[in-house]
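Close look at the chain arrangement
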Amino acid sequence: MALLYPRWSKKMIIQNVIVCDEDGERKLDVRIENGVVTEIASGLSGGEVIDAQGAYLLPSLVDTNIRLQDSTLNAKNIKIISDEAMLGGVGHIVLNADSNPAIDNEIVLEFAQNGLHNLSGAKVDLMLNSLKEDATLSNIAILLKKGVVAPYMSTIAKNDIAIKIAEYVQMYKVTLFCKAEDNSLIKSGVMLDGTVSSKLGLAGIPNLSEVLHVSRMIEIARHFKIKILFKAIASPRSVSLINQAKKDGVDVSCEVSLHHLLKSDKECNEFNTTAKLDPPLASYADMLELQNALKNSQIDCLTTLHQPSSPVNKEVAFYDAAYGCEALSDALPLYYTKLVSSGLISMTQLIKLTVSNPAKSIGLHKGKIQIGTKADLILFNPKMTKFVQNTQSLYNGEELNGEVIQIKI
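Residues numbered from 1 in each chain as written. Predicted model: local features only at pLDDT ≥ 70, side-chain atom pairs only at ≥ 80, totals over all residues. Heavy atoms only, no water.

Let us look at empty space enclosed by the protein. A full pass over the atoms with the stated rule returns 5 cavities of 30 Å³ or more. As a volume, the largest cavity reaches approximately 190 Å³. Looking at the largest cavity, it is lined by 18 residues, and the ones nearest its centre are Ile-205, Ser-209, Glu-210, Pro-279 and Pro-280. Along the lines of polarity and charge, the residues of the lining of the largest cavity split into 10 nonpolar, 3 polar and 5 charged. In this structure, the second largest cavity occupies an estimated 70 Å³ of space. Around the second largest cavity sit Asn-65, Arg-67, Asn-96, Tyr-152, Lys-179, Lys-231, Ala-232, Asp-278, Pro-279 and Leu-305, which together line it. (1 Å grid on protein atoms, 1.4 Å probe; cavity = no way out; pocket = protein on both sides within 12 Å on 5 of 7 lines; lining within 4 Å. Points joined across faces, edges and corners; volume = space filled by probe spheres on them. Nonpolar A, V, L, I, M, F, W, Y, C, P; charged D, E, K, R; others polar.)

Summarising burial for strand S9 (residues 150-154): 5 of the 5 residues are buried, a large majority. A two-sided burial pattern is seen for S9, the buried positions comprising Ala-150, Tyr-152 and Ser-154 on one face and Pro-151 and Met-153 on the other. Relative to S9, strand S8 (residues 123-129) runs parallel, the two being bridged by 3 bridges. What sits directly across from Leu-128, in S9, is Pro-151. In this fold, the crossover linking S8 to S9 by way of helix H3 (residues 140-145) has right-handed handedness. Direction of pairing for S9 relative to strand S10 (residues 175-179): parallel, over a ladder of 3 bridges. When the bridges of S10 are listed, Met-153 appears paired with Cys-178. Each parallel crossover has a hand, and the one from S9 via helix H4 (residues 159-172) to S10 is right-handed. (Buried < 20%, exposed > 50% of the residue type's maximum accessible area, 1.4 Å probe, protein only. Helix = DSSP H or I, 4+ residues; strand = E, 2+ residues; numbered from the N terminus. Pairing = 2+ DSSP bridges. Right-handed = clockwise from strand over helix to strand, strands pointing away.)

Further remarks concern the pattern of salt bridges. Close approach of charged atoms allows side chains of opposite charge to pair. Summed over the entire model, instances satisfying the criterion amount to 16 salt bridges. With its nearest N and O atoms 3.0 Å apart, the salt bridge here joins Glu-39 to Arg-31. Note that Glu-398 is salt-bridged to Lys-263, the shortest N-O span being 3.4 Å. Pair noted here: Glu-398 is in the loop between strand S16 (377-387) and strand S17 (399-407) and Lys-263 is in the loop between helix H9 (258-262) and helix H10 (284-295), with a separation of 135 residues, a long-range link. According to the relative accessible area criterion, Glu-398 is partly exposed, its value standing at 22%. What emerges from the salt-bridge pattern is a single network uniting Lys-179, Glu-181 and Asp-278. (Salt bridge = Lys/Arg side-chain N within 4 Å of Asp/Glu carboxyl O.)

Encoded structure:
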């Protein structure tokens, strides 16, 4: 089945499809009318019919850690990222607030919101940067009231500022998106501090940069009884601390990027700037531990950690290169090939990690395909193959299983 259906029609039946959501897999037919699922059963007929030939029907993915080209906030870049997301089966993204300009005041927020109109691709939401450039507090209350979905905070914030942010989070009952990092330890580092960085003669960032501040923010979450989603965790020790806190009743959760599960700091050899990520790729041993954490359901959300850069900012000396790599347009084939086909997790678990849990962090309920729900769905054929053709991808040249063949928002 090679035909690409760019949109669902107003009335149609999808036959011979594997319906897969957070509740499991079942082979059924699905009727969609005016963008809503109206019937799920065997042997449906009438109206336009698509024979899915055993493809998956999935909820569109949600990714809450996406950056724009060169982190530059403008309408053109927002449209590009919205369209690109749909190619990878991602129907809803949240832009990282740490952009240029940063979403830390009403003027920038209004500017960003103007770029959200008339998008034909994925739905785009915004988070706010709780810290201004001078590390003082932004007007969190106003920005939340004006439509951002979550506050974002780097732990470079001092304790008094972090506590004020926690009080706002408590007041508005939102999830705090938290990046755990130590300002004094990340200033000169460009990759993980370890054997590979020593070999390359590059300044390293120690694991403690993250772990210390995960610990600190867990205690703040415990004290104020707030929700925290730790963004793009790279250290297995951090995952362990977060999961112990969960057992203690603290409402914290853990996001890990696909790259930190699959790639190690060895990718930085030969000064490969595509592997210069923030947070830095972990050691090979830690990468394997992160995979075990995924198997053991200790990771709550996955992200492509998509951060595209112009060649002028990437094809330079490693120390000067911009952080980030690209993965958004290949998101679902990457997840399926690297995590599901490899046996690390099931397709149902993938939906929880890439739809249900990320959506929950921004106050939405997604991840189920049932009668009466909006057809925010994608048709995914696991039998098709594709090659990654992107020099800014860590998977460039690799063959992937599966392709998005129909999308709808």
